[in-house]
Amino acid sequence: MARGLFLRLVLSALCAAGAAAFLYHDYCVLGAGPAGLQAAYFLQRAGRDYVVFERSHAPGSFFAIYPRHRKLISINKRHTGKSNSEFNLRHDWNSLLSHEPRLLFRRYSRQFFPHADAMVRYLEDFAAMLGLRIRYDTAIVHVTLEKDPRAWNGHYFVLSDQNRQSYKCSCLLVATGTWVPNVVNFPGSEYVEGYETVSTNPEDFAGQTVLILGRGNSAFETAENILGVTNFIHMVSRSRVRLSWATHYVGDLRAINNGLLDTYQLKSLDGLLEGDLEDLAIVKDKKGKLHITLRFYLENRNTSAGIDGITLPQDELDNFATRAPYDRVIRCLGWKFDFSIYNRSLRMMPGRGNKSKYPQIKPSYESRGTRGLFVLGTASHSVDFRKSAGGFIHGFRYTTRAVHRLLENRHHGVPWPSAVYPITQLTNSIIKRVNEASGLYQMFSVLADIILLRENATAFEYLEEYPVGILAELETQTGRKAPAGLFVVIMEYGRNFSGDDKDVFYYNRAVGEAQHAWQSNFLHPVIYYYKRLPTEREMRLHPPDWPLPRPDAIHHIVEDFLTDWTAPNAHILPLRRFLENCLSTDLRNFFAESCFLFALTRQKLPPFCQQGYARMQGLTGSERLRRHAVEAGLLEDYAVTDFSGDKLPDSRQGSHDQLLRDHVIPLRPLHHLVNAKDEF
């Protein structure tokens, strides 16, 4: 830390003296969207030297334009019946994390699917109210590396803006999102209108026939807007429709936008087609109508003769699906990451296959090509693409916090936050987290709570929301030790429940019996037990459908219709017995009378008695407490009575010693205490 402070002072002095043409900060954040603001918040709370670069004049510039039809698909559930703020974030998909209760999104919109302008206002207030350090109207146009052994990671990041001002930083956090439109080039693609520029006025489409390229939410959002005024709408894409309620992936088609599915399946002219867009071609006739043909029909053909000299598919197959001409063709193919500003020295490479729109990063969200470069927000979605919520605010607000904690440990020696509890609190700690935690709930199979066991399993250390993809690196990444094994608490869906071809509404789809918990289909807690940290090799070779390597033991808490895992017999008791089997100890809570009996009859007391009764911890007895217990029916009234059963009026009828001699209080055997009063 002292070295970093000295380095900042030296660099600042050089800049002030004019000996250097750059401005230095420890952390540079690219983009003042939700992820950039979230990163800035954590850096500011930690007192770090940072700056955020934003090309626009205000934060959240993407939301000022998109979605084009201004309705967000992130839910804004204002009422849950609960007062727990962490639980309520499970159903608030728009708020960023902060200490300021005024910065909850429910204060900005009453709509379940809010207007995008509300998000713009929210992000502006988030930046202003928290005083985040943002340089607006600053577009970073080039990023390169400068090798220097004095730097944190062996190099500095050198950034240049549109005014040729240069900046240096030791750590680069990229939060620019995916904003470059996906474009497919084919013959006639010049006739295609883009989602980013097409009219949003439905009347501009009145009486027209429209073809939409794409099958995501932007495509269906566009169709929904013009559904009632067009002749018909056709939609074509390489992949089939994936519905979010079937795949449990929030990025797939949401029900709010799927009106065209109704009109297609109910045969009201609209329709969906599958085909590779690169195989298509568009030909425009003399009337301005657009005809769909195939690319190979145009190869080695004389196109100068116009459409009359071009073979169309319907010339050979007279019932070809898209034989009717279209008035307009609209491209709605989503977005990709902007790689253009990064010098080759950074080795910012696109992912493979369907992840090519994202940069390649590790499960720690650090670039695979350059140490010290982290990708946050939507652009980091390659870690959990088509699985969890890491590409959306309600997911990446937690992954951004995880990255900040990793950086705090790496560069500032601040270990991952944790709390230490006696082992008797293990069951309660897990139950509390699975019922309240939003990070586990939204980033299922990606973020997990880690429970590090102390020697002899007398206590445990609890770490929240750690990226499971780097579990093998836990000790170096967190500054915490795992000397005696660990539990991993994570949320999962059933492995064979979700998917394009799955019927998620089949009869008896839910599991209710604890003994069948491993067959649970809906989101539910899973606890993995490892006697030691898994190795990196074990992490690489874990089963493809598992988020982690095979554990020494595993426990599923049975799914619950209310997502309320507090049922004593269905949820808590099986969990406690699983933990006891793993630890070979008794985790029950006991009354003092039971602990007293154990002290007389057992060589080893249960942990609860060791840490409580044997150390004289607990409530001190008093007459008021005894009377309260009697009135509540928890204790029998052993007050002194005469032989007829009537209470003596006062002690003046005899001395206390005389009363004890004359009145015998019957004693019960002690063995019933363990059976009837051993747990609470």
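The structure we're discussing is the one just above.
A brief report on the enclosed structure follows. Predicted model, so just to flag it, every value in this text is computed and none were measured.

1. Describing the packing of helix H2 (residues 34-45) against helix H10 (residues 393-412)
Interaxial distance between H2 and H10 falls to 9 Å at its minimum, and their mutual angle equals 35°. For H2 against H10, the interelement crossing comes out right-handed. Across the interface between the two elements, Pro-34, Ala-35, Gln-38, Ala-39, Phe-42 and Leu-43 of H2 pack against Ile-393, Phe-396, Arg-397, Thr-400, Arg-401 and His-404 of H10. Its residues placed into classes, the contact of H2 with H10 shows seven nonpolar, three polar and two charged.

2. Here's the deal with the packing of aromatic side chains
Inspection of every chain in the model, using the stated rule, returns 29 aromatic pairs. Seen in terms of ring centroids, Phe-112 and Phe-113 are 5.0 Å apart; in terms of plane orientation they differ by 80°. Their pairing is edge-to-face. For the ring pair Phe-487 and Tyr-529, a centre distance of 4.9 Å and an interplane angle of 35° mean the geometry is tilted. Remark: Tyr-529 occurs in strand S21 (residues 524-530) and Phe-487 occurs in strand S20 (residues 486-492); sequence separation between them is 42 residues. A single burial state applies to Phe-487 and to Tyr-529, both of which are buried. Of the aromatic side chains, those joined through ring pairs into one cluster are Tyr-41, Phe-42, Phe-105, Tyr-108, Tyr-122 and Phe-126. Arg-55 extends its terminal NZ or CZ atom over the ring of Trp-179, reaching a point 3.9 Å from the ring centre. If you follow Arg-328 out to its NZ or CZ, it ends over the ring of Phe-205, 4.2 Å from the centre.

3. Looking at the pairing of strand S6 (residues 166-174)
Counting buried positions over the nine residues of S6 gives nine, a clear majority of the element. Inspection of the sheet shows strand S1 (residues 22-30) paired to S6 by eight bridges, in the parallel sense. The partner of Tyr-24 across the bridge, within S6, is Lys-168. Judged from the four bridges that link them, strand S5 (residues 155-161) and S6 form a sheet pairing that is antiparallel. In the strand pairing of S6, Phe-157 is matched with Cys-169. A loop of four residues connects S5 with S6, the two strands running antiparallel in sequence, and Arg-164 in this loop sits at a positive phi of about 65°.

Calculation rules
- Residues numbered from 1 in each chain as written.
- Predicted model: local features only at pLDDT ≥ 70, side-chain atom pairs only at ≥ 80, totals over all residues.
- Heavy atoms only, no water.
- Axes fitted to C-alpha atoms, helices over the stretch in contact; angles between N-to-C directions.
- Helix = DSSP H or I, 4+ residues; strand = E, 2+ residues; numbered from the N terminus.
- Left-handed = near helix turned anticlockwise from the far one by under 90°.
- Contact = heavy atoms within 4.5 Å.
- Nonpolar A, V, L, I, M, F, W, Y, C, P; charged D, E, K, R; others polar.
- Phe/Tyr/Trp six-rings, centres within 6.5 Å; stacked < 30°, edge-to-face > 60°.
- Buried < 20%, exposed > 50% of the residue type's maximum accessible area, 1.4 Å probe, protein only.
- Lys NZ or Arg CZ within 6 Å of the ring centre and 35° of its normal.
- Pairing = 2+ DSSP bridges.

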